[in-house]
Amino acid sequence: MPLLRFDLLEGRTDLELQTLLDAAHEAVVEAFAVPARDRYQIVTEHKPGRMILQDTGLGFERSADAIVVQMFTSPRTPEMKQDFYRLLTRKLGERCGVAPEDVMVSCMTNAREDWSFGFGRAQFMTGEL
Amino acid sequence: MPLLRFDLLEGRTDLELQTLLDAAHEAVVEAFAVPARDRYQIVTEHKPGRMILQDTGLGFERSADAIVVQMFTSPRTPEMKQDFYRLLTRKLGERCGVAPEDVMVSCMTNAREDWSFGFGRAQFMTGEL
Amino acid sequence: MPLLRFDLLEGRTDLELQTLLDAAHEAVVEAFAVPARDRYQIVTEHKPGRMILQDTGLGFERSADAIVVQMFTSPRTPEMKQDFYRLLTRKLGERCGVAPEDVMVSCMTNAREDWSFGFGRAQFMTGEL
């Protein structure tokens, strides 16, 4: 936790995807100070035409490299989230050549009882985490 | 924002998908009075057997054309959401021939700090939006 | 409602997927006491490398059979959710041979006005449900 969904167009190699996920996870660990193995990532690759991402009038266009990162997480402060956006965008740029206008993020918040990491238990409730 | 996920079975053409997304976006713009370029849509097409959508006992069956629209958004009133359901269902019917029983919608709400539209910034927090 | 998303790696047969969805739905019905036809399930199968699921330091490894179940629901008590985790994990083990460490669940909560099951109506608001 957090759980991150990545939606992007087809075309990246396995290695490029791996690098992208590694970079994103670094941003998670730095922004939220979570353990290194607090890593839950799911990628869905889409055919052209299956993602339409505009700009709410901010005045830019996205390329075919655009990525949507949807994060599901227990509560994090607005400051931590903003750190995450900055770190994620910087790392995806440096490590994967993703342009800053091609990184979109949306967060959704849940609670401690909303997670079971395995074994049918809610580890935040049992005291295991 | 909002961000909409569309899940449906394989079989629509690219043009049919485009029309469907255009119609859905019209409903978003009308129901929530957002800018025309406040458009964030992701489609995932599934093989048969990967979507099971029943009726909670309401008394109808869905066809293979059924669509699930999951909307992630900052707060909207119940009235606006109900307008959206009506508009979306009507437009998908008129423009795409989708039957009213084949349109299912679920909304999830987040906050202003939960969105970064690009550049590593939270544009609702920076004053850009 | 609830709406469940299942993310897993490619490789299960159609029959195996059907059994898995049936078992998961039994857990939903038992844990939340919902009607049998309150069934909304979406499966997305992924290629290797598209799901990275670790353990937050709990001390286990997952296999290629690992499943992420993401549940979107109106409010349920922590006790009901914990029942669901237990039942789901047990049933997926018994019926599908999924190991307990391979079942991860995350829940997200919304409200009554957030659902339209068809016909452009919010059936929890209209009194139909």
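Residues numbered from 1 in each chain as written. Chains lettered and ligands numbered in written order. Predicted model: local features only at pLDDT ≥ 70, side-chain atom pairs only at ≥ 80, totals over all residues. Heavy atoms only, no water.

## Structural notes on the overall build of chain A
- Looking only at helices and strands, chain A has 3 helices and 6 strands in total.
- Listing the helices and strands of chain A from first to last along the sequence gives β-α-β-β-β-α-β-β-α.
- Relative to the compact-globule value of 14 Å for 129 residues, chain A shows a C-alpha radius of gyration of 15 Å, a close match.
- Out of the 129 residues in chain A, the part that is buried amounts to 60%. (Helix = DSSP H or I, 4+ residues; strand = E, 2+ residues; numbered from the N terminus. Rg over C-alpha atoms; globule rule 2.2 N^0.38 Å. Buried < 20%, exposed > 50% of the residue type's maximum accessible area, 1.4 Å probe, protein only.)

## Some remarks on the relation of the copies chain C and chain A
- Each copy of the sequence occupies a distinct position, and chain C is placed on chain A by a rotation of 120 degrees and an axial shift of 0.0 Å, giving an RMSD of 0.0 Å. When the rotation and shift are considered jointly, the pair of chain copies conforms to a three-fold rotation axis.
- Little of the interface of chain C is mirrored in chain A, where only 9% of its interface residues are also at the interface. (Least-squares fit on C-alpha atoms with pLDDT ≥ 70 in both. Contact = heavy atoms within 4.5 Å.)

## Here's the deal with the pairing of strand 5 (residues 103–109) of chain B
- Of all 7 residues making up strand 5 of chain B, 6 are buried, and the element is well covered by its neighbours.
- By the bridge criterion, 7 bridges tie strand 4 (residues 67–73) of chain B to strand 5 of chain B in an arrangement that is parallel. Residue pairing across strands places Ile67 of chain B opposite Val103 of chain B, the latter belonging to strand 5 of chain B.
- Crossover strand 4 of chain B to strand 5 of chain B through helix 2 (residues 78–96) of chain B is right-handed.
- With 2 bridges connecting them, strand 5 of chain B and strand 6 (residues 115–116) of chain C associate as antiparallel partners. Note on strand 6 of chain C: the bridge partner recorded for Val105 of chain B is Ser116 of chain C. (Pairing = 2+ DSSP bridges. Right-handed = clockwise from strand over helix to strand, strands pointing away.)

## Side note on the packing of helix 1 (residues 14–32) of chain C against helix 2 (residues 78–96) of chain C
All names here are of chain C.
- Close contact between helix 1 and helix 2 brings their axes to 8 Å; oriented N to C, the two are set at 150 degrees. One finds that helix 1 runs roughly antiparallel with respect to helix 2. Along this stretch, helix 1 crosses helix 2, giving a crossing that reads as right-handed. Facing helix 1, whose interface residues are Thr19, Leu20, Asp22, Ala23, Ala24, Glu26, Ala27, Val28, Glu30, Ala31 and Phe32, helix 2 presents Met80, Lys81, Asp83, Phe84, Leu87, Leu88, Lys91, Leu92, Arg95 and Cys96.
- Taken together, the residues that form the contact of helix 1 with helix 2 break down as 13 nonpolar, 1 polar and 7 charged. (Axes fitted to C-alpha atoms, helices over the stretch in contact; angles between N-to-C directions. Parallel < 35°, antiparallel > 145°, perpendicular 65-115°, else oblique. Left-handed = near helix turned anticlockwise from the far one by under 90°. Nonpolar A, V, L, I, M, F, W, Y, C, P; charged D, E, K, R; others polar.)

## Looking at the interface of chain A and chain B
- At the junction of the two partners, chain A supplies 34 residues and chain B supplies 36 residues.
- Interface of chain A and chain B: buried area, both sides summed, is about 3,100 Å²; carbon and sulfur atoms make up 55% of it.
- The largest per-residue losses of area from chain A upon contact with chain B belong to Arg50, Ile52 and Thr56 of chain A, which jointly make up 24% of the total buried on that side.
- Along the contact surface separating chain A from chain B lie 6 salt bridges.
- Among the salt bridges present, the one from Arg50 of chain A reaches Asp14 of chain B, with a minimum N-O distance of 2.9 Å.
- For the side of chain A that touches chain B, the elements supplying multiple residues, two or more each, are strand 1 (3–9), strand 3 (51–53), strand 4 (67–73), helix 2 (78–96) and strand 5 (103–109) of chain A.
- The class makeup of the residues in the side of chain A that touches chain B is 15 nonpolar, 9 polar and 10 charged. (Buried area = accessible area lost by both parts, 1.4 Å probe. Salt bridge = Lys/Arg side-chain N within 4 Å of Asp/Glu carboxyl O.)

## Topic: the state of the cysteines
- According to the stated counting rule, one finds 0 disulfides over all chains in the structure shown.
- With no disulfide of its own, Cys96 of chain A lies 19 Å from the sulfur of Cys107 of chain A, the closest cysteine sulfur.
- Residue classification places Cys96 of chain A among the partly exposed positions, given a relative accessible area of 27%.
- The closest cysteine sulfur to the non-disulfide-bonded Cys107 of chain A is located on Cys107 of chain B, 19 Å from its own sulfur. (Disulfide = S-S within 2.5 Å.)

## Describing the sheet that holds strand 4 of chain A
- Strand order in the open sheet made by the 6 strands is 6(B)-5(A)-4(A)-1(A)-2(A)-3(C), with mixed pairing throughout. With partners counted over all chains shown, the strands left at the sheet margins are strand 6 (115–116) of chain B together with strand 3 (51–53) of chain C, one partner each.
- Against the sheet, helix 2 of chain A engages strand 1, strand 4 and strand 5 of chain A together with strand 6 of chain B, with an angle of about 145 degrees to strand 5 of chain A.

## Notes on the interface of chain C and chain A
- Tallying the contact residues gives 34 residues for chain C and 36 residues for chain A.
- Roughly 3,100 Å² of surface becomes buried between chain C and chain A when both sides are summed, with 55% attributable to carbon and sulfur atoms.
- Interface area lost by chain C to chain A is led by Arg50, Ile52 and Thr56 of chain C, which between them contribute 24%.
- For the side of chain C that touches chain A, the elements supplying multiple residues, two or more each, are strand 1 (3–9), strand 3, strand 4 (67–73), helix 2 and strand 5 (103–109) of chain C.

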